[in-house]
Amino acid sequence: MVSELSGRRLHVADLATGSVLILLGAAMFVASLAMPTYADRGTVLTAPAIFPGFIAIILFALGALLTARTLRQPAPHPTGDGLAWRPVLTGLALMTIAIVLVGHIDFQLLIAGFCVAFAAFFVSWRGARAEIIRKAGAMAIVILVVAVLIPMTFQHVFLIRLP
Amino acid sequence: MIDAFLDLASATTLFNVLWATLAGIVIGALPGLTATMGLALMTSLTYAMAGQQAILVLICLYIGSIYGGSRSAILLNIPGTPANAATALDGHPMAQAGMGHRALGLATVASLTGGLIGGVALALIAPLLAELALGFGSTEYFLLGIVGIVVAGRMTAADDPLKGWIAGFLGLAIATVGQETMHAYPRFSYGNLDLTAGIALIPAMVGAFGISELLMSLGSGKARMVDAPMQATPLLSNFRDMIRRKVTVIRSSFIGIAIGVIPGVGEDVAAWISYGAARRASKTPDEFTKGSDDGLIAAETANSAALPSAIIPALTLAVPGSAPAAVLLAAMFIHNVRPGPMIMIENPDFVAAVCWMVIFGTIVMAVMGLALSRPLLLVLKVPREFLTPVIFCLCLLGPYALTQRIFDIYVVLAFGLLGLAMRLMRYPMAPLILGIILGGMVDQNLRRMLQLIDRDPTQVFTRPIALVLVAVCLAAIFAGVRRRPRNVQVKRQQARNQ
Amino acid sequence: MISRMIMAALALTVSAGVAMADWKPEKPVTVIVPYPPGGVTDLAVRAVAADLEPVLGQKVVVVNQPGANGSVGTQAVLDAPKDGYTWLSGGVRDIGTYKIMGMIDTTFDDWHPFIIASMSSVLSVNPGTEIATVEDFIARVKSDGDKLLIATAGPNSSGGQGLAAIATAADIDPKQIVYDGGNPAILATVSGEAQATTQLALEQAEMIRAGRLTPLAAIGTTEIKLGDLSIPPITAQLPNLPPAENFVGIYLPDGVPQEVLDTLEAVWTETLSGSKGLQQLCTSRGCGVKPVAGDEAMKSANPAIAAAAWGLYDRGDAKMSPEEMGIARP
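If you're wondering where the values come from, they're calculated on a predicted model, not measured in any experiment. Residue positions are given per chain, counting from 1 as you read along its sequence in written order. Following the order in which they are written, the chains are lettered starting with A and the ligands numbered starting with 1. The predicted origin of the model limits local features to residues at a pLDDT of at least 70 and limits the giving and counting of side-chain atom pairs to 80 or more, whereas totals for whole chains, interfaces and linings rest on all residues.

Draft legend 1. Representation of the overall build of chain A within the structure. Counting secondary structure elements, chain A contains five helices and zero strands. Counting from the N terminus, the helices are DSSP H or I runs at least four residues long and the strands are E runs at least two residues long. Counting from the amino terminus, chain A carries its helices and strands in the arrangement α-α-α-α-α. On C-alpha atoms alone, chain A measures out to a radius of gyration of 25 Å, which is more than a quarter above the 15 Å that the 2.2 N^0.38 rule sets for 163 residues. Each principal axis of the C-alpha atoms in chain A carries an extent, and together these give about 70 × 55 × 20 Å. Considering chain A as a whole, with its 163 residues, one finds that 27% of them fall into the buried category. Put simply, the radius of gyration uses C-alpha atoms, and a globule should come to 2.2 Å times the residue count raised to 0.38. Exposed residues have 12 or fewer other C-beta atoms within 10 Å of their own C-beta, buried residues have 20 or more, and residues in between are partly exposed; the C-beta atoms are placed from the backbone.

Draft legend 2. Structural view of the sheet that holds strand β5 (residues 121–125) of chain C. All names here are of chain C. Paired strands, as defined in this entry, are two strands with at least two bridges between them according to DSSP. Taken in spatial order, the five strands of this open sheet run β7-β6-β8-β5-β9, and their pairing is mixed. Sheet topology places β7 (175–178) and β9 (214–219) at the edges, where each strand pairs with a single neighbour. Bridge count between strand β6 (residues 149–152) and β7: four bridges; the pairing is parallel. Bridging from a neighbouring strand, Leu-149 pairs with Lys-175 of β7. Any residue pair is listed as a contact if its two C-beta atoms, each placed from the backbone, are within 7 Å. Axes, fitted as lines to C-alpha atoms, cover a helix only where it is in contact. Angles between the N-to-C directions of the axes lie from 0 to 180 degrees. Where helix α8 (residues 201–209) meets the sheet, it contacts β5, β8 (196–197) and β9, and its direction lies at approximately 35° from that of β5.

Draft legend 3. Geometry of the interface of chain A and chain B. Contact residues are listed per partner, giving 60 residues for chain A and 54 residues for chain B. Where the side of chain A that touches chain B is concerned, the elements lending two or more residues are α1 (7–33), α2 (50–72), α3 (85–101), α4 (107–122) and α5 (129–157) of chain A. Top contributing element to the side of chain A that touches chain B by residue count: α2(A), with ten residues. For this classification, Asp, Glu, Lys and Arg are treated as charged, while Ala, Val, Leu, Ile, Met, Phe, Trp, Tyr, Cys and Pro are nonpolar and the rest, including Gly, are polar. The residue makeup of the side of chain A that touches chain B, split by class, is 47 nonpolar, eleven polar and two charged.

Draft legend 4. Main features of the interface of chain C and chain B. With 46 residues of chain C in contact, the opposing surface of chain B contributes 42 residues. For the side of chain C that touches chain B, the elements supplying multiple residues, two or more each, are α2 (40–56), β2 (60–64), α3 (71–79), β7, α7 (182–191), α8 and α10 (276–285) of chain C. Here the side of chain C that touches chain B gets seven residues from one element, more than from any other, and that element is α2(C). When grouped by side-chain class, the residues that make up the side of chain C that touches chain B number 22 nonpolar, 14 polar and ten charged.

Draft legend 5. Quick look at the environment of C:Ser158. Residues and elements named next belong to chain C. If you trace the backbone, Ser-158 turns up in helix α6 (residues 158–170). Taking the number of C-beta atoms within 10 Å as the measure of exposure, Ser-158 has 29 and is therefore buried. Placed 86 residues apart in sequence, Ser-158 and Ala-244 show a C-alpha to C-alpha distance of 8.0 Å.

Draft legend 6. Broad picture of the packing of α1(A) against α2(A). Residues and elements named next belong to chain A. As a packed pair, α1 and α2 sit with axes 7 Å apart at the nearest point and diverge in direction by 155°. The pairing of α1 with α2 is recorded here as roughly antiparallel in orientation. Relative to α2, α1 is oriented so that their crossing is left-handed. Looking at side-chain class alone, the contact of α1 with α2 contains 16 nonpolar, ten polar and one charged residues. For this classification, under 35 degrees means roughly parallel, over 145 means roughly antiparallel, 65 to 115 means roughly perpendicular, and everything else is oblique. Note on convention: the crossing is left-handed when the near helix lies turned anticlockwise from the far helix by less than a right angle, right-handed when the turn is clockwise.

Draft legend 7. A look at the pairing of strand β12 (residues 246–253) of chain C. Residues and elements named next belong to chain C. Across the eight residues of β12, seven count as buried, placing the element largely inside the fold. The pairing of strand β3 (residues 86–91) with β12 spans four bridges and is antiparallel. Within β12, the residue paired with Ser-89 across the bridge is Ile-250. By the bridge criterion, eight bridges tie strand β4 (residues 111–119) to β12 in an arrangement that is antiparallel. Within β12, the position partnered with Ser-118 by the bridge is Phe-247.

Draft legend 8. Expanded view of the sheet that holds β12(C). Residues and elements named next belong to chain C. Pairing is mixed across the open sheet formed by six strands, whose spatial order is β2-β1-β3-β12-β4-β13. Of all the strands in the sheet, just β2 and β13 (287–293) have a single pairing partner and so form its edges. Between one strand and the next, the sheet's axes are offset by a mean angle of 25°, whatever the strand orientation. Where strand β1 (residues 29–33) and β2 come together, five bridges link them in parallel fashion. What sits directly across from Val-29, in β2, is Val-60. Packing against the sheet, α2 makes contact with β1, β2, β3, β4 and β12, and its axis sits at approximately 160° to β2.

Draft legend 9. Structural context of α10(C). All names here are of chain C. Three or more residues of α10 are buried, namely Gly-277, Leu-278, Leu-281, Cys-282 and Arg-285. With its buried residues spanning 120° around the axis, α10 presents them on a single face. At the C-terminal side of α10, Gly-286 shows a positive phi close to 80°. To be clear, the arc concerns the directions from the helix axis to the C-beta atoms.

Draft legend 10. Representation of α2(A) within the structure. Expected span of a helix, by definition, is 1.5 Å for each gap between consecutive residues, and there is one gap fewer than residues. If you check α2(A), its first and last C-alpha atoms are 33 Å apart, about what 23 residues at 1.5 Å a residue would give, namely 33 Å. Of the residues making up α2(A), those classed as buried are A:Ile50, A:Phe51, A:Pro52, A:Ile55, A:Ala56, A:Ile58, A:Leu59, A:Leu62, A:Gly63 and A:Leu66. Those residues of α2(A) that are buried are in contact with α1 of chain A together with α7 (161–175), β2 (186–187) and α19 (430–455) of chain B.

Draft legend 11. Spotlight on the packing of helix α2 (residues 11–29) of chain B against helix α16 (residues 348–377) of chain B. All names here are of chain B. One can describe the packing of α2 onto α16 by two numbers: an axis separation of 9 Å at closest approach and a directional angle of 65°. Of the two elements, α2 crosses α16, and the hand of that crossing is right-handed. Between α2 and α16, the contacting residues are Val-17, Leu-18, Thr-21, Leu-22 and Ile-25 on the first element and Phe-360, Gly-361, Val-364, Met-365, Met-368 and Gly-369 on the second. Here the contact of α2 with α16 is built from residues that sort into eight nonpolar, three polar and no charged.

Draft legend 12. Examining the domain arrangement of chain A more closely. For chain A, the assigned domains are domain 1 (7–72) and domain 2 (85–157). Domain segmentation is taken from an automatic or database assignment of domains. Measuring from the centre of the C-alpha atoms in domain 1 of chain A to the corresponding centre in domain 2 of chain A gives 41 Å.

Draft legend 13. Molecular detail of the environment of A:Val20. With respect to the helices and strands, the residue A:Val20 is situated in helix α1. The sequence separation of A:Val20 and A:Thr67 amounts to 47 residues, and the corresponding C-alpha distance is 9.9 Å.

Draft legend 14. Expanded view of the nonpolar core. Membership of the largest hydrophobic core comes to 335 residues, with the highest contact counts inside it found for B:Leu58, B:Phe169, B:Leu328, B:Val354 and B:Ile433. Setting aside residues no more than four positions away along its own chain, B:Ile433 makes contact with B:Pro82, B:Ala85, B:Gly171, B:Ala204, B:Met205 and B:Ala208. Residues of type Ala, Val, Leu, Ile, Met, Phe, Trp, Tyr and Cys that are buried and joined through C-beta atoms within 7 Å form what is called a nonpolar core.

Here it is, written out as structure tokens:
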């Protein structure tokens, strides 16, 4: 379980986001200036750049506000709050692999594979023999549900073609 | 009205109401499957039915799915449809505190009340309301969009509204990607066809809420969704709790009806505006987003009241009040009903029948919802390690089902990552989604407004609705600025003490 | 092109004698509507899908895949397996102009068209403007300039193209204001934000019947009937109007099995002519049932596409000349 950032980490993160927003606003504004205005169709007031330009200015201002506000506060001392990054990164990697493979291999096979990999990483397979069997049984039900039941429902009840 | 009732009351009707409402609840509760998609699909499946029964099925499905979305919002913190994003704010904390049964029950009675009040409004003042909605011009639409973002940003991040507004305007920025409709110019697309089509709302929502929620919860091992012991809450106490908050119920119903009737603005915006108003009026605004009764009731009453109200312009102007109502309108044409300004003269029975359909659907929705509460709560008892693959699978299939595009699945992942980063840095997710919803509306109406002002500058001061909206917007911004520094100070202090 | 026409002609002769459908789909057929639900294409396709189901013996599922003026859904059909189970729908003008707009690399020759109906626009005004005739309208555009706004759903929509046709024929420069769809444009005209509209008859029908819009003329060469009301063609005043009508249809990409095309061609005209839903839609809302397939569909579509393509090119919106695609200037 990851928790939200706090203290010094949040301070640094806010500074970084503030700068990113300033850059994003500036980049959007410059890109907007390069868009055609279609003034020859009667008026410049319908130019496609007006809305992104407007948003870019506001994003720039909000980023500047965030940065200024964070700089005004003293940086909190570093705290030793260790974040549980490993499971998040593992999960992210698994999901990314699954999503990239969608459309390239059979969907039901893919999602069953995802469940097995997920179980291997996240379910603790230690403990009494009876408990392991129980867990394996539960995982088998999960695989049955996601790899057979849900796709079948989508395909035959909602008439949707699987990727 | 009574003739219409007698005409409609039959065993076939009862059967259709039952299954359609149930199907709606299921579709709404599944993340990514929305009311719009359910209706579009069901329209294909009801060609062969008699006209009135087909419309009945669709209306019940619509009601069921907007309500069903509150189930996953409360239990999983993943709003089933965009209309339930505000419901998750208070509903999920309640469930986490072991009061899941109470949250489900309260949301149900709130939806029931909102739906019935909306249904009555549809019966009594449909044509009048539709005429008033004509007063909404480009200027008002633009301002309504900005008010929506400012209010949602302020309400979801009360101790730090700056982050709420950043999320909201980031949502608007994301909505600029793709082809704009005035000149068909592809903005920020770089020749890529998928980007030219823009970032679709549903995959973005499922990613930002669903995938990021899954990622945040990983590594919690055997932990269940809710560790606190769960309390059962009797139905009567739900009604008592709601009656105690009757002011919120009435206010939210009126807001729901008012927003719903505006063409093109639906249940999602209604829930937000109502949530913001409830918080502003509340004596205990600090309880909001932590499990407030008022917050939950405000969101669910307003989205349910907006639903019948969104059908009003579809019936009397042939212009839908929301995206699902657009599908409903198409279905009416297919079944030889001709909505439009003439319907009250040519076919008043049909309008009465629609009111009864809304009322039937709403009642059946509440009965079924209450019966399903206990089985649904079992979801909270499943260990996360088993629940995650199931939800992941639904998060992939749901958005794909809507348009059957692989690109949308990549959008789900990208927004899962963005959502994770934003959650870690304490940004609210809901204004981001509202920004994507409102982007197109704000964009077009801003440019049309400029064109109209250019043509007639005096109209800036002659539009009362517009002036009210400007006032609301300024109030939401400056009330925030005054309060912020103190709150931030306190928070920093706490952070240092930890 | 010629070989395809011969093939189509052959197919027609072969299939003419076959009364029953040869191709029996084994799974539901998907029709992609590349626009949001509730629009013109969506309405027409859903009406037809209902009548095709019993003939094909399978569900015909309508999927809305909107984005980038319909090009996303069109590309999706091109990318799908060419097994005859994924059909495209939309307007012929749109499919015929994707390539010169620089959107996707497809021309109308890549498709087998099955036309459902013809759609025409109507020039209507808000009754408060007190414009009663086409001549009044032209005079007001000349005298009022910016004060007279004409609501459309964009320069490439039917309304925008209808307005462009009037502008060319009458040599005027009307001021267009763009809305995010046909319905919002019409609503803005009714509420008085805009003063006139040139959207499709189908979209305006109910407001015209209720007297909230005053129809001046049908933008085309034939009159439009809305129930008892008939709207005269604008060619009475503007005889050299470029073709402005559009056709809505279903399209199968090149490469689908011949038996699918044969079966559809064999049943198309008969099924659609007998379609009550389509009949109802068209008589009440002012479109023309036009159930033609194959060669004949091509013949109807080509002038409309040529007019649309050259219109875009002349207004400077096209990325290439229609000539490069083999579309001669009409």
